[in-house]
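# Remarks on the overall topology
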Amino acid sequence: MTVGEGSEAPVPPRLRRDARRNRKRLVEAAHAVFAEQGLEAPLDVIARRAGVGNATLYRHFPTRAALVDAVFRGQLTGTMQAGERARRAADAWAGLADYLDAVFATLAADRGTNDLMTTRLPDVETLDAVHAHNRETVDVLLERARAQGGVRADVTTEDLLFALAALGRAVPPLAAAAGPDAWRRPLALFLEGLRGPAAGPRPLPGRPLDEEELGRVLGEMGPHRTRPTDGSTGGAAAGGTASA
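Conventions used here
- Residues numbered from 1 in each chain as written.
- Predicted model: local features only at pLDDT ≥ 70, side-chain atom pairs only at ≥ 80, totals over all residues.
- Heavy atoms only, no water.
- Helix = DSSP H or I, 4+ residues; strand = E, 2+ residues; numbered from the N terminus.
- Buried < 20%, exposed > 50% of the residue type's maximum accessible area, 1.4 Å probe, protein only.
- Contact = heavy atoms within 4.5 Å.
- Areas by Shrake-Rupley, 256 points an atom, 1.4 Å probe, with all protein chains shown as cover.
- Salt bridge = Lys/Arg side-chain N within 4 Å of Asp/Glu carboxyl O.
- Phe/Tyr/Trp six-rings, centres within 6.5 Å; stacked < 30°, edge-to-face > 60°.
- Patch = residues over 30% accessible without salt bridge, like charges linked within 9 Å, V, L, I, M, F, W, Y side chains within 5 Å.
- Core = buried A, V, L, I, M, F, W, Y, C linked by side-chain atoms within 4.5 Å.
- Polar contact = N/O pair within 3.5 Å; in protein donor to acceptor, adjacent residues only side chain to side chain.
- Axes fitted to C-alpha atoms, helices over the stretch in contact; angles between N-to-C directions.
- Parallel < 35°, antiparallel > 145°, perpendicular 65-115°, else oblique.
- Nonpolar A, V, L, I, M, F, W, Y, C, P; charged D, E, K, R; others polar.
- Expected span 1.5 Å × (residues − 1).
- Arc of directions from axis to C-beta.
- pLDDT = per-residue confidence, 0-100.

## Points about the overall build of the protein
- Within the protein, the regular secondary structure consists of 11 helices and zero strands.
- Looking at the 244 residues of the protein, the share that counts as buried comes to 44%.
- In the protein, the proportion of contacts linking residues at least 24 apart, taken out of those at least 6 apart, comes to 71%.
- Accessible area for the protein stands at about 12600 Å²; split by element, carbon and sulfur atoms hold 54% of it.

Quick look at the structure:
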């Protein structure tokens, strides 16, 4: 799945040319800042990078959720399309493995997308639809895979979703420490634990982390992780709503 696949966020009709230009700049700047810093990035940093004032940002996007929806609608729609393709697979195990591969490739794209898909952010309409679709996809594929003997009988949808969220949070620091595809090995190891008793073990892709890389990954997963700076501490704008 290509990151950015899917429809873009709709632009409100009858915007003046300069307003449309400002909106486009804000979405592009927000995508870059969220990718670097995650979804908690200060909104005034985004406004400054777009070359506009905070008031302009809030006129277009009165809440953080509205801005997030505009930025990530395409990526999230692409995830739903990957789920539809997986459901059509004749071999449910292969469909599940391919779907999770597509999801994790998206999680590896940037910190903003990872934050969005591995946590809960209220009031993001597209995100709510994606979470519901993701759960339905996992439900369908697990039920079929159990019936086909590809997955152990005691695995539930909640087991899978919880473990995937926890593993998904490690993807950005894994990429930073050991390369962009470092997530493939732990995902393959996790999938091996799901396989039914008739399926023999398969070799893991990639290479294991060394001691130094593991230390870097664990360090980046903590609340003290390094965050790029943009000359601002964020102030009240980090909360996502305007006070005036």
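## Concerning the pattern of salt bridges
- In the structure shown here, the tally under the stated rule is 12 salt bridges.
- Of the charged contacts, one joins Arg152 and Asp154 as a salt bridge, the two residues approaching to 2.8 Å between their closest N and O atoms.
- Asp181 is the salt-bridge partner of Arg184, the closest N and O atoms lying 3.7 Å from each other.
- The class for Arg184 is partly exposed, based on a relative accessible area of 31%.

## Points about the packing of aromatic side chains
- Across all of its chains, the model carries two aromatic pairs by this definition.
- Aromatic side chains Phe104 and Trp183 sit 6.0 Å apart centroid to centroid with 35° between the ring planes, which places their arrangement in the tilted category. Of this pair, Phe104 sits in helix 5 (residues 92-107) while Trp183 sits in the loop between helix 9 (171-178) and helix 10 (184-194), and the two are 79 residues apart along the sequence.

## Considerations on the environment of Tyr58
- One can find Tyr58 in helix 3 (residues 54-60).
- Through-space distance from the C-alpha of Tyr58 to that of Leu43 is 9.4 Å; in sequence the pair is 15 residues apart.

## A look at a nonpolar patch on the surface
- A contiguous nonpolar patch, built from Leu209, Leu214, Leu218 and Met221 and spanning about 340 Å² of accessible area, is present on the exposed surface.
- Residue position: Leu209 is located in the loop between helix 10 and helix 11 (211-220).
- With relative accessibility at 32%, the residue Leu209 sits in the partly exposed group.

## Here's the deal with the nonpolar core
- If you look at the biggest cluster of nonpolar residues, it comprises 54 residues, and the most contacted ones within it are Phe34, Ile46, Leu67, Phe72 and Phe104.
- A per-element tally of this core places helix 5 first, with 10 residues.
- In this structure, Ala170, Leu174, Ala182 and Val217 belong to the second largest nonpolar core, which totals five residues.

## A few points about helix 6 (residues 111-118)
- With eight of its eight residues buried, helix 6 lies for the most part within the structure.
- Inspection of helix 6 places Arg111, Gly112, Thr113, Asn114, Asp115, Leu116, Met117 and Thr118 among the buried residues, and these make up the whole buried set.
- Its side-chain oxygen at 3.0 Å from the backbone nitrogen of Gly112, Asp110 defines the N-terminal cap of helix 6.

## Some remarks on the packing of helix 8 (residues 157-169) against helix 9
- Put simply, helix 8 and helix 9 touch, their axes get as near as 5 Å, and they point 40° apart. Judged on the interaxial angle alone, helix 9 and helix 8 are oblique. Contact residues: Leu167, Gly168 and Arg169 in helix 8; Val171, Pro172 and Pro173 in helix 9.
- Of the residues in the contact of helix 8 with helix 9, the class split is four nonpolar, one polar and one charged.

## What to know about the side chain of Glu213
- For Glu213, the position within the fold is in helix 11.
- Residues within four places of Glu213 in sequence aside, it is in contact with Ala177, Ala178, Arg207 and Pro208.

## Concerning helix 8
- The terminal C-alpha atoms of helix 8, which comprises 13 residues, lie 18 Å apart, in line with the 18 Å expected from a rise of 1.5 Å per residue.
- Those residues of helix 8 that fall on the buried side of the exposure criterion are Thr157, Leu160, Leu164, Leu167 and Gly168. Taken end-on, helix 8 shows its buried residues confined to a sector of 110°, consistent with a single buried face.
- On its buried face, helix 8 sits against helix 5, helix 6, helix 7 (125-148), helix 9 and helix 10.

## Remarks on the confidence of the model for the protein
- Averaged over all residues, the pLDDT of the protein equals 82, while 82% of them reach at least 70.
- Taken element by element, the protein is modelled with least confidence in helix 11, mean pLDDT 81, and with most confidence in helix 2 (residues 43-50), mean pLDDT 96.
- Low pLDDT, under 50, characterises residues 1-8; the stretch is placed with 24 contacts to residues that sit more than four places away or in other chains.
- Note that residues 231-244 has pLDDT below 50 and, in this model, 25 contacts with residues that lie over four places away or in other chains.

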